Amino acid sequence: MPQMFKTWRTKSAKDVSLVTLITFITGVFLWLIYGIYLQSLPIILANSVTLVFNFIILWLKIRYR
C-alpha cells in the first residue's frame, strides 16, 4: 500500500519496474488459484487483496508513463 499511495500522490511511477510488477502479479495470481484449489480462505483473501493493490499500481504505472 505505501508504494500505491506514493505513486498516486506524486503522480510518478518511475520507481516501479514494469517487469518486476508483472512478474509479482503473475505469482500472486498463481497463489490465488492455488488457494481456490485448496479452498483456503486465508490464502484467497490475502492474495486477492494483494492482487487488487498491485493492479492499481500497474494501472498507475501505465497512466503516469
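None of these values were measured; they are calculated from a predicted model.

### Topic: the overall build of the protein
Point 1. Helix and strand counts for the protein stand at 3 helices and 0 strands.
Point 2. Counting from the amino terminus, helix and strand elements in the protein follow one another as α-α-α.
Point 3. With respect to the principal axes defined by its C-alpha atoms, the protein has extents near 40 × 20 × 15 Å.
Point 4. Counting all 65 residues of the protein, 26% fall into the buried class.
Point 5. Pairs at least 24 apart in sequence give 63% of the contacts found in the protein among residues at least 6 apart.
Point 6. As presented, the protein carries roughly 4,800 Å² of accessible surface, and 71% of it is formed by carbon and sulfur atoms.

### Re the side chain of Asn47
Point 1. Secondary-structure assignment places Asn47 in helix α3 (residues 41–63).
Point 2. Here the side chain of Asn47 touches Ile43 through a polar contact of 2.8 Å, landing on its backbone oxygen.
Point 3. Aside from chain neighbours lying at most four places away, what touches Asn47 is Val28, Trp31 and Leu32.

### Concerning a nonpolar patch on the surface
Point 1. There is a patch of nonpolar side chains on the surface, built from Phe29, Leu30, Ile33 and Ile36 and spanning about 380 Å² of accessible area.
Point 2. Residue position: Ile36 is located in helix α2 (residues 18–38).

Thresholds applied
Residues numbered from 1 in each chain as written. Predicted model: local features only at pLDDT ≥ 70, side-chain atom pairs only at ≥ 80, totals over all residues. Heavy atoms only, no water. Helix = DSSP H or I, 4+ residues; strand = E, 2+ residues; numbered from the N terminus. Buried < 20%, exposed > 50% of the residue type's maximum accessible area, 1.4 Å probe, protein only. Contact = heavy atoms within 4.5 Å. Areas by Shrake-Rupley, 256 points an atom, 1.4 Å probe, with all protein chains shown as cover. Polar contact = N/O pair within 3.5 Å; in protein donor to acceptor, adjacent residues only side chain to side chain. Patch = residues over 30% accessible without salt bridge, like charges linked within 9 Å, V, L, I, M, F, W, Y side chains within 5 Å. Salt bridge = Lys/Arg side-chain N within 4 Å of Asp/Glu carboxyl O.

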